[in-house]
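A structural walkthrough
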Amino acid sequence: MNQVGYQVPHSGRGYAAVAIFSTQEYDLAREYIEVKLIDTLKTGIKYCVNFYVSLANDFNFGSTGMGAYLSTNILHQCDIEFSTLLFQPQVYASLTEPIMDTVNWVEVSGEFIAQGGELFLTIGNFFAGESIIFQQFNNIAYVS
């Protein structure tokens, strides 16, 4: 249970909540989850990335564009509030069908070939506002 609703984790003991869209004073404000990998990815190797998204109960919009971007350096700094990270994620959800399910976890998955040296995984919405499809219902997604 949190300030935007309730969801049972897909697996494990918890989940993270990120805002992927806001209509407040920050134009299309974004939040991201970023983690350092245990080891760097190897050049030319195909990797599979998957994570699960569920929309929060207490907001008004769902959207397209949730994705995962793997990089050699940290992308998100705590002093950069609500900025959109315009990178091309290697794995992302449909760009035509907003994620709208507040009950079930929706899998986002895909494969990509590493450039080599990627050490950070960042999850969020990386697409420019004009390319995102919004559907009224919710605007925060949980990631598990």
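Predicted model, so just to flag it, every value in this text is computed and none were measured.

1. Remarks on the sheet that holds strand β8 (residues 120–125)
Strand order in the open sheet formed by four strands is β2-β8-β5-β6, with antiparallel pairing between adjacent strands. Of all the strands in the sheet, just β2 (33–36) and β6 (91–92) have a single pairing partner and so form its edges. In terms of strand pairing, strand β5 (residues 66–71) meets β6 through two bridges, oriented antiparallel. In the strand pairing of β6, glycine 67 is matched with tyrosine 92.

2. Let's talk about a nonpolar patch on the surface
Taken together, the side chains of Met1, Tyr6 and Val8 make up a nonpolar region of the molecular surface, amounting to roughly 370 Å² of accessible area. Positionally, tyrosine 6 belongs in the segment before β1 (16–19). Residue tyrosine 6 is classed as partly exposed on the basis of its relative accessible area of 47%.

3. Topic: the pairing of β5
Burial analysis of β5 places six of its six residues in the buried class, the great majority of the element. Pairing geometry for β5 and β8, over six bridges, is antiparallel. Note that in β8 the partner of alanine 68 across the bridge is isoleucine 123.

4. Some thoughts on the side chain of asparagine 125
Turning to its location among the elements, asparagine 125 is positioned in strand β8. Looking at asparagine 125, the relative accessible area reads 0%, which means it is buried. Excluding its chain neighbours within four sequence positions, the residues that come into contact with asparagine 125 are Ile20, Arg30, Tyr32, Ser63, Thr64, Gly65, Met66, Thr84 and Ile132.

5. Comments concerning the confidence of the model for the protein chain
When the pLDDT values of the protein chain are averaged, the result is 82; 81% of them are 70 or greater. The lowest-confidence element of the protein chain is strand β10 (residues 140–143), averaging 54 in pLDDT; the highest-confidence one is strand β7 (residues 106–113), averaging 96.

Cut-offs applied
Residues numbered from 1 in each chain as written. Predicted model: local features only at pLDDT ≥ 70, side-chain atom pairs only at ≥ 80, totals over all residues. Heavy atoms only, no water. Pairing = 2+ DSSP bridges. Helix = DSSP H or I, 4+ residues; strand = E, 2+ residues; numbered from the N terminus. Patch = residues over 30% accessible without salt bridge, like charges linked within 9 Å, V, L, I, M, F, W, Y side chains within 5 Å. Areas by Shrake-Rupley, 256 points an atom, 1.4 Å probe, with all protein chains shown as cover. Salt bridge = Lys/Arg side-chain N within 4 Å of Asp/Glu carboxyl O. Buried < 20%, exposed > 50% of the residue type's maximum accessible area, 1.4 Å probe, protein only. Contact = heavy atoms within 4.5 Å. pLDDT = per-residue confidence, 0-100.

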